[in-house]
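# An overview of the molecular structure
Spelled out, the chains give:
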Amino acid sequence: MTENLVPLPELYVSFESAQKLKAEAADLPSWDLSPRQTCDLELLMNGGFHPLKGFLGQADYDSVVDRMRLADGTLWPIPVTLDVSDAFAETIEPGHDIALRDQEGVILATMTVTDKWVPDKAREAEMVFGADDAAHPAVNYLHNAAGRVYLGGPVTGIQPPVHYDFKARRDTPNELRARFRKLGWRRVVAFQTRNPLHRAHQELTFRAAREAQANLLIHPVVGMTKPGDVDHFTRVRCYEAVLDKYPSATTTMSLLNLAMRMAGPREAVWHGIIRRNHGCTHFIVGRDHAGPGKNSQGEDFYGPYDAQELFRKHQDEIGIEMVDFKHMVYVQDRAQYEAADEIEDGATVLNISGTELRRRLREGLEIPDWFSFPEVVSELRRRYPPRSQQGFTVFFTGFSGSGKSTIANALMIKLMEMGDRPVTLLDGDIVRKNLSSELGFSKEHRDLNIRRIGYVASEITKNGGIAICAPIAPYAATRRAVREEIEQYGAFVEVHVATSLEECERRDRKGLYRLAREGKIKEFTGISDPYDVPEAPELRVDTEGVDVDNCAHQVLLKLESMGLIAG
């Protein structure tokens, strides 16, 4: 497969042209890219998404959604689109050029807009992810984070996004192809991962390389993965610790700045195309490859081997050979890892699930040597100290007048009395005054206010403190986004103060319900605007007939049962 070593076309212009283009682009309408769009643009420009020349136009998008192919018939399973806001879309028409900037305002590329359309997102979710189910992180992103309008068109690259971390570990497709060429590697098997590597993964990759008679590329994703995943800084330190366990002459590692969609079978095909572009000849597809976990009914989104079946069907066209691997487990009797479906009945099999690993880290319990390497466990313990030493957020939600602020104040005082971590109260009224004084009460502004509270709480949690939040927070999608932001760093404890609307209206200390009933306050939660009742909060408390001290004590007991505070 020597064609895998030939340089790929990139979308960058020369240095001189880039300087000229950057000056011209300063006057163009600008779109500030989201983190996901920045990942996509980098792989468009460096050839990782070859043969794409830019963000998909409408004909290509429709064809990819419906049949996993570009309009010209080329296999391409995932829509790579530039989603923008209504406000920005109104200023742009096909034929316009726009500048694409990173989040610090640096111009990375220009794009000639050829298409502008409003997609059917429910159909995209159904076809690409298998269900329009918000339990899927990419479907949730599609409906609650992505812009409503899509722009398509070719991209002209000016410069790649800047990465300050692990620079020596990052390679473009052409840089990896050149490295393989220099090393004389003709057969290279790639291993895709978004998790730390434990002993089972090492055994799996060893076997894969041996079976394919190939060298091994460990190619972890360090762009966007699934909410709740281990951050990439910790993961890369874990990978570096494990790399010493492989023979250096046969194994290398490179980081891939990909924004995963967790699209299971389609994603496996996409990963194969991307690895082919990076010069690989073989690709490991494991059990439930790129699966997002459970759907709203508590069942897996995809079957365990659906990804392998779809990949096998298209592997000739992808141009890369699949190495399929089953679930690896530890056989105690033989003190070694073996494929789960090859083990005879009666053998003693040991396994630790991801959930169990997280529990052991959280509670400071032993993680046995047969499961992982001491160096990896050490890195994970640094990142995930026992829960009683981590920061966390308590997030009260409920109607105005339900008692959120009163309970939050009582809880703050009880936690400060314990004195083991700094405590910050982010009460709705206090935040409105100090952080969000310019905001009104439209849905957009209320969402923005909750996002600001979530951002501050995530910083407090990240730095080992306790954040107590007490906004109304009426919308489930916004609460979910805040939860995902905070759970990167520590626990998120949602407390639904479930006081009835009638009781809140009866109390009406501020006279707000009366004004809302008279139509003098528009978009008032519970009267003229909806409240999404939390489906599965960590705790539900009712303040009717219960004193404040008792309610705050219920929250303390919950925190103690979760291991967040000492009993």
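This structure is a prediction, so every number in the text was calculated from the model and none was measured.

Conventions used here
- Residues numbered from 1 in each chain as written.
- Predicted model: local features only at pLDDT ≥ 70, side-chain atom pairs only at ≥ 80, totals over all residues.
- Heavy atoms only, no water.
- Helix = DSSP H or I, 4+ residues; strand = E, 2+ residues; numbered from the N terminus.
- Rg over C-alpha atoms; globule rule 2.2 N^0.38 Å.
- Buried < 20%, exposed > 50% of the residue type's maximum accessible area, 1.4 Å probe, protein only.
- Areas by Shrake-Rupley, 256 points an atom, 1.4 Å probe, with all protein chains shown as cover.
- Lys, Arg positive; Asp, Glu negative; His and termini not counted.
- Charge placed at Lys NZ, Arg CZ, Asp CG, Glu CD.
- Pairing = 2+ DSSP bridges.
- Right-handed = clockwise from strand over helix to strand, strands pointing away.
- Phe/Tyr/Trp six-rings, centres within 6.5 Å; stacked < 30°, edge-to-face > 60°.
- Lys NZ or Arg CZ within 6 Å of the ring centre and 35° of its normal.
- Core = buried A, V, L, I, M, F, W, Y, C linked by side-chain atoms within 4.5 Å.
- Domains from an automatic or database assignment.
- Contact = heavy atoms within 4.5 Å.
- UniProt positions renumbered as here; feature names shortened; annotations may be inferred.
- Polar contact = N/O pair within 3.5 Å; in protein donor to acceptor, adjacent residues only side chain to side chain.
- Axes fitted to C-alpha atoms, helices over the stretch in contact; angles between N-to-C directions.
- Parallel < 35°, antiparallel > 145°, perpendicular 65-115°, else oblique.
- Left-handed = near helix turned anticlockwise from the far one by under 90°.
- Nonpolar A, V, L, I, M, F, W, Y, C, P; charged D, E, K, R; others polar.

## Observations concerning the overall build of the protein chain
What the protein chain contains, in helices and strands, is 20 helices and 20 strands. Radius of gyration (C-alpha) of the protein chain: 26 Å, near the 24 Å computed for a compact globule of 567 residues. Projected onto the principal axes, the alpha-carbon positions of the protein chain cover approximately 75 × 70 × 40 Å. By the burial criterion, 54% of the 567 residues in the protein chain qualify as buried. Approximately 24800 Å² of the protein chain is accessible, and the part contributed by carbon and sulfur atoms is 50%. Distance from the positive charge centre (69 side chains) to the negative charge centre (83 side chains) of the protein chain: 2 Å.

## Concerning the pairing of strand β9 (residues 215-220)
The element β9 is extensively covered by neighbouring structure, given that six of its six residues are classed as buried. In β9, alternate side chains face the same way, and those of Asn-215, Leu-217 and His-219 on one face and Leu-216, Ile-218 and Pro-220 on the other are all buried. Across six bridges, strand β8 (residues 188-193) lies against β9 in parallel orientation. By the bridge assignment for β9, Phe-191 is matched with Ile-218. Where the polypeptide runs from β8 across helix α8 (residues 199-212) and back to β9, its parallel neighbour, the crossover connection is right-handed. Read as a crossover between parallel neighbours, the route from β9 over helix α9 (residues 232-243) to strand β10 (residues 251-253) is right-handed.

## Quick word on the packing of aromatic side chains
Counted under the stated rule, the structure contains 17 aromatic pairs. Plain terms: the ring middles of Phe-180 and Trp-185 are 5.9 Å apart, the flat faces sit at 15° to each other, and that makes the pair stacked. Above the plane of the ring of Tyr-384 lies Arg-383, whose end atom (NZ or CZ) is 4.6 Å from the centre.

## Description of the nonpolar core
Considering soluble globular proteins, one finds that nonpolar side chains tend to be buried as a cluster. In this structure, Phe-49, Leu-82 and Leu-100 are the most contacted members of the largest nonpolar core, which totals 71 residues. When residues in this core are grouped by element, the largest group, five residues, is from helix α10 (residues 264-277). Shared between two domains, this core takes at least three residues from each, and those domains are domain 1 (3-157) and domain 2 (167-256 + 262-329). Those residues within four positions of Phe-49 in sequence are excluded, and the remaining contacts are Asp-40, Leu-43, Leu-44, Trp-76, Val-80, Leu-258, Trp-270, Ile-274 and Asn-277.

## Quick notes on the UniProt feature "domain: Sulphate adenylyltransferase catalytic" (unreviewed entry) in the protein chain
Mapped onto this numbering, the UniProt entry gives "domain: Sulphate adenylyltransferase catalytic" (unreviewed entry) at residues 170-382. What you have in residues 170-382 is 38% helix and 15% strand, and the ends, taken at the C-alpha atoms, are 24 Å apart.

## Looking at the UniProt feature "domain: APS kinase" (unreviewed entry) in the protein chain
UniProt tags residues 390-542 as "domain: APS kinase" (unreviewed entry). For residues 390-542, helix accounts for 43% and strand for 17%, while the C-alpha atoms at its two ends are 28 Å apart.

## Let's talk about the domain arrangement of the protein chain
For the protein chain, the assigned domains are domain 1 (3-157), domain 2 (167-256 + 262-329) and domain 3 (387-561). A straight line from the C-alpha centre of domain 2 to that of domain 3 covers 41 Å.

## Observations concerning helix α2 (residues 35-45)
Counting buried residues in α2 gives 10 out of 11 residues, a clear majority hidden from the surface. Within two residues after α2, Gly-47 carries a phi angle of roughly 95°, on the positive side.

## Quick look at the side chain of Asp-171
Position of Asp-171 relative to the elements: it lies in the loop between β7 (149-157) and α7 (173-183). A distance of 2.8 Å separates a polar atom in the side chain of Asp-171 from a polar atom in the side chain of Arg-179. Engagement of the side chain of Asp-171 in a polar contact is seen with the side chain of Ser-254, the distance being 2.6 Å. In contact with Asp-171, other than residues within four places in its own chain, are Leu-176, Arg-179, Ser-254, Leu-255 and His-278.

## A look at the packing of α9 against helix α13 (residues 374-383)
Across the interface, α9 lies against α13 with an axial gap of 8 Å and an inter-helix angle of 165°. On the basis of the axis angle, α9 is roughly antiparallel to α13. For α9 against α13, the interelement crossing comes out right-handed. Along its contact with α9, which presents Thr-234, Arg-237, Cys-238, Ala-241 and Val-242, the element α13 presents Glu-375, Val-376, Glu-379, Leu-380, Arg-382 and Arg-383. Broken down by class, the residue content of the contact of α9 with α13 amounts to five nonpolar, one polar and five charged.

## Side note on the environment of Gln-336
If you trace the backbone, Gln-336 turns up in strand β14 (residues 336-339). With 34 residues separating them along the chain, Gln-336 and Trp-370 place their C-alpha atoms 8.4 Å apart. Side-chain polar atoms of Gln-336 contact the side chain of Glu-338, separated by 2.8 Å.

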